[in-house]
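# Reading the structure
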Amino acid sequence: MKNSTPPLALVPKKSFQLKILIFISIISLSSCVNVKKATYFNDIPDTEFRSRFENMEPVIQENDLLSISVSSLNPEATEVFNASNVSVTQTSTATGTTTQASGYLVDHEGFIRFPILGSLKAAGKTKQQLREEITEELIDRKLLLEPIVDVRYLNYRVSVLGEVKNPSVVTIPSEKVTLLEALGLAGDLTVYAKRDNILLIREEGNVKKLVRLDLTSEEIFTSPYYHLKSNDIIYVEANKSKVASTSRINQWLPIIISTLSLAVIAFDRFL
């Protein structure tokens, strides 16, 4: 009579294979990234947000670089006010290129030196206030007839650091940028970025403000920090998945999995 009991060698063989496969599956699943944590604005319905900060005009600060151009009915008389500006600076863009800009540098005391008018206080004023002051001075001194003065920033920039594709100092020609636009200019967040804990560093006078922002919440659109100011710094922190991926265990993980896979194949063929 034949014995129906399977050979004893098969029992430990299948058990070993099963344990190895379960172990590999657990390790693989533990390294997965939570998809919800890698997306913006989770579960936000169709809605509208009214911004109260669209007309916010920045205040000129020390070390700002300004472009000041003057025009009038007499082009020859305005030439002296449009002479080559006095300071040159280099800036890096999001693409990695370097540009040069010349303009009036606001010194550590907050002044610029303008042709004929001499030292003018610029720090603490908006562009409109400085423009109106220069215009009044030109008219009161009878230097120009119906002058038109234009003031622009040449170093309006924000720094984006951390878990973004292209960490960089981004120059903003339009002098207006939102948090999302700045992140887009830096190549967007990586999959390892912590989207609910973006750090914004802002300097106002001698005070530095540190603010945490959540890109997964609809409150970001009504935040007073949604529109950035010149010289703002954005730091994107890495999530736990990025920290784990750089650990010693994860560096050895592919080797461990490959070795165990070879062990299963060898065990299956020779036993």
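Residues numbered from 1 in each chain as written. Predicted model: local features only at pLDDT ≥ 70, side-chain atom pairs only at ≥ 80, totals over all residues. Heavy atoms only, no water.

Under an unreviewed UniProt entry, the protein chain has the name Polysaccharide biosynthesis/export family protein and belongs to Salegentibacter maritimus. Checking UniProt for the protein chain, the heading Subcellular location (unreviewed entry) contains the comment "Cell outer membrane". Per UniProt, the protein chain carries the Sequence similarities (unreviewed entry) text "Belongs to the BexD/CtrA/VexA family." (UniProt positions renumbered as here; feature names shortened; annotations may be inferred.)

Before going further, it helps to spend a moment on the overall build of the protein chain. Of regular secondary structure, the protein chain possesses six helices and 11 strands. A buried classification covers 32% of the 271 residues belonging to the protein chain. Considering only contacts in the protein chain between residues 6 or more positions apart, those separated by 24 or more positions represent 62%. Just so you have it, the protein chain exposes about 17,300 Å², and 56% of that area is on carbon and sulfur atoms. (Helix = DSSP H or I, 4+ residues; strand = E, 2+ residues; numbered from the N terminus. Buried < 20%, exposed > 50% of the residue type's maximum accessible area, 1.4 Å probe, protein only. Contact = heavy atoms within 4.5 Å. Areas by Shrake-Rupley, 256 points an atom, 1.4 Å probe, with all protein chains shown as cover.)

Ranked by internal contacts, the top residues of the largest apolar core, which has 44 residues, are Ile68, Phe114, Leu130, Ile134, Leu183 and Ile234. In this structure Leu183 touches Val160, Val164, Asp188, Leu189, Leu215, Ile234 and Val236, once residues within four positions along its chain are discounted. (Core = buried A, V, L, I, M, F, W, Y, C linked by side-chain atoms within 4.5 Å.)

A sheet is described by the order of its strands in space; here five strands give the open sequence E8-E7-E11-E9-E10, paired in mixed fashion. Each having just a single partner strand, strand E8 (168-171) and strand E10 (207-213) make up the two edges of the open sheet. Averaged over all pairs of adjacent strands, the angle between strand axes in this sheet comes to 20°, irrespective of strand direction. Bridge count for strand E7 (residues 157-162) against E8 is four bridges, and the pairing is antiparallel. In the sheet register, Val160 faces E8, and the bridge partner there is Ser168. (Pairing = 2+ DSSP bridges. Axes fitted to C-alpha atoms, helices over the stretch in contact; angles between N-to-C directions.)

Before going further, it helps to examine the side chain of Glu163. Position of Glu163 among the secondary structure elements: in the loop between E7 and E8. Within the structure, the side chain of Glu163 is placed 2.7 Å from the side chain of Thr190, a separation counted as a polar contact. (Polar contact = N/O pair within 3.5 Å; in protein donor to acceptor, adjacent residues only side chain to side chain.)

Mapped onto the secondary structure, Gln129 falls in helix H3 (residues 127-140). Look at Gln129 and you get partly exposed, because its relative accessible area is 42%. Residues Gln129 and Val59, 70 residues apart in the sequence, show an inter-C-alpha distance of 9.7 Å.

The final tally for this structure, using the stated rule, is eight salt bridges. For Lys125, the salt bridge is made with Glu133, and the minimal N-O distance between the two is 2.2 Å. The partner of Arg212 in a salt bridge is Glu237, with the nearest N and O atoms 4.0 Å apart. Note that Arg212 is positioned in strand E10 and Glu237 in the loop between strand E11 (233-236) and helix H5 (240-245), a separation of 25 residues in sequence. Each of Lys127, Arg152 and Glu175 takes part in a single network of salt bridges with overlapping partners. (Salt bridge = Lys/Arg side-chain N within 4 Å of Asp/Glu carboxyl O.)

The description of an aromatic ring pair rests on the distance of the ring centres and on the angle between the ring planes. Overall, the coordinates contain four aromatic pairs when judged by the stated rule. Relative to Phe114, the ring of Phe81 lies with its centre 6.1 Å away and its plane at 15°, an arrangement referred to as stacked. Within this pair, whereas Phe81 is found in the loop between helix H2 (75-78) and strand E2 (87-92), its partner Phe114 is found in strand E4 (residues 111-114), the two being separated by 33 residues in sequence. The pair Phe81 / Phe114 is uniform in exposure class, with both members buried. (Phe/Tyr/Trp six-rings, centres within 6.5 Å; stacked < 30°, edge-to-face > 60°.)

Along the chain, Ser230 turns up in the loop between E10 and E11. Apart from the residues within four sequence positions on either side, Ser230 is in contact with Asn155, Tyr156 and Arg157.

For the rest of this paragraph, the subject is the pairing of E8. Here E8 shows one buried face, formed by Ser168 and Val170, and one open face, formed by Val169 and Thr171. Here E7 folds back onto E8 in antiparallel fashion, the turn holding five residues.

The next subject is the confidence of the model for the protein chain. Reading predicted coordinates in detail is not appropriate for stretches of low pLDDT. The predicted model of the protein chain averages 78 in pLDDT, with 61% of residues at 70 or higher. Ranking the helices and strands of the protein chain by mean pLDDT puts E11 first, with 96, and E2 last, with 52. (pLDDT = per-residue confidence, 0-100.)

Turning our attention to H3. A rise of 1.5 Å per residue sets the reference length of H3, with its 14 residues, at 20 Å; its end C-alpha atoms lie 20 Å apart and thus fit the reference within 8%. All of the buried residues in H3 are Lys127, Leu130, Ile134, Thr135 and Leu138. Down the axis of H3, the sector holding all buried residues measures 135°, keeping them to one side. The positive-phi residue at the C-terminal boundary of H3 is Lys142, with phi of around 55°. (Expected span 1.5 Å × (residues − 1). Arc of directions from axis to C-beta.)

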